Amino acid sequence: MAPNFRYFLGFQVAADRAGWLARHLPPLPGDLFTGLSPHRYHLTLCTIAETALPHPFLRQRVARALADTLPAAAAIPFGRIVARDAGVELVTAGSIGAIRGLYDALVARLAGEDIAPLHRKSGLRPHITLGYGDAGFDPVPLAWNWTPRELLLIESHIGHGRHRRLQGWTLPAPAQALFDFMADELPPVRRAA
């Protein structure tokens, strides 16, 4: 039996950031795709279940797995808009090491509840879907760094365009980067001879 429900962990783009992103999208060539409304912008980290009927205990199992302090949020460096087989996506540019670390930490916690990501043979590929349909064009640059603040468990009703938020977890803020503005006031580092 084909699945009717898909469960995934991901990040919803906050309304103010989604609005900013929608206002700064360049005109995209092609008229055979339909853009998503900004309130539907999200980034899926991983699908964790697909079922014919609603899963009765998945939310509780995920909540147990994520009960302790979560890993810190991570900045995601987006860099270009690309046309894919079935739509248009904002994809990353540069290193995704920080978001990879967050993903790996979450997957390790889920493993304790015998929950594993599905469909990850191609690896982690963070992206935000901007629309669906046939759109053929060369990549369009758009530099945007985004730091999600809340991890969500979502139930998707396959084929109906409906998503139901089952639970959310606030992520700790990322560690602040070190600044060298006081470097001239620090004692010099002595090197061993």
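The text that follows walks through the structure, step by step, so that each part is easy to find.

Conventions used here
- Residues numbered from 1 in each chain as written.
- Predicted model: local features only at pLDDT ≥ 70, side-chain atom pairs only at ≥ 80, totals over all residues.
- Heavy atoms only, no water.
- Pairing = 2+ DSSP bridges.
- Helix = DSSP H or I, 4+ residues; strand = E, 2+ residues; numbered from the N terminus.
- Axes fitted to C-alpha atoms, helices over the stretch in contact; angles between N-to-C directions.
- Contact = heavy atoms within 4.5 Å.
- Core = buried A, V, L, I, M, F, W, Y, C linked by side-chain atoms within 4.5 Å.
- Buried < 20%, exposed > 50% of the residue type's maximum accessible area, 1.4 Å probe, protein only.
- Arc of directions from axis to C-beta.
- Salt bridge = Lys/Arg side-chain N within 4 Å of Asp/Glu carboxyl O.

**What about the sheet that holds strand β1 (residues 5-12)?**
And then number 1: Here we have four strands laid out as an open sheet, ordered β3-β1-β8-β9, and antiparallel in their pairing. Two strands in the sheet have a free side with no partner beyond their single neighbour: β3 (42-51) and β9 (162-170). Each strand of the sheet is rotated relative to its neighbour by a mean of 25°, with strand direction disregarded.
And then number 2: As paired elements, strand β8 (residues 150-157) and β9 share eight bridges and run antiparallel to each other. Paired with H157 across the strands is R162, a residue of β9.
And then number 3: Of the strands in this sheet, β1, β3, β8 and β9 are in contact with helix α2 (residues 58-65), which crosses β9 at around 25°.

**Quick look at the nonpolar core**
Within soluble globular proteins, side chains that are nonpolar tend to cluster in buried spots.
And then number 1: The biggest cluster of nonpolar side chains holds 46 residues, and the ones touching the most others in it are V62 and I128.
And then number 2: The contact partners of V62, leaving out residues within four places of it in the chain, are L9, I48, L110, I115, L153 and W169.

**Notes on helix α1 (residues 15-24)**
And then number 1: What α1 keeps buried is the set A18, G19 and L21. The arc that holds every buried residue of α1, seen down its axis, measures 165°, which confines them to one face. Relative to its buried face, α1 has exposed residues pointing more than 90 degrees away, namely D16 and R23.
And then number 2: Of the surrounding secondary structure, the elements contacted by the buried residues of α1 are β5 (87-92), β6 (127-133) and β7 (140-146).

**Topic: α2**
An α-helical segment advances 3.6 residues per turn. Residues three or four places apart therefore align on the same side.
And then number 1: Taken together, the buried positions of α2 are occupied by L58, V62, A63 and A65. End-on view of α2: buried residues confined to an arc of 160°, all on one side of the axis.
And then number 2: Of the surrounding secondary structure, the elements contacted by the buried residues of α2 are β1, β3, α3 (97-111), β8 and β9.

**Observations regarding the pairing of β8**
And then number 1: In terms of residue burial, β8 counts as a mostly covered element, since seven of its eight residues are buried.
And then number 2: Summarising the sheet, β1 and β8 pair through six bridges and their orientation is antiparallel. Residue pairing for β8: G10 is matched across the bridge by L152.

**Points about the pattern of salt bridges**
And then number 1: Tallying each qualifying case throughout the model produces seven salt bridges.
And then number 2: Close ionic contact of D104 with R100 constitutes a salt bridge, the shortest N to O distance being 3.4 Å. You can see D104 and its partner R100 sitting in helix α3, four residues apart, about one turn around the helix.
And then number 3: A salt bridge links R165 to E150, with the shortest nitrogen-to-oxygen separation between them at 2.6 Å. Linking R165 in strand β9 with E150 in strand β8, this pair joins segments that are 15 residues apart in sequence.
And then number 4: Owing to a relative accessible area of 48%, R165 belongs among the partly exposed residues under this scheme.

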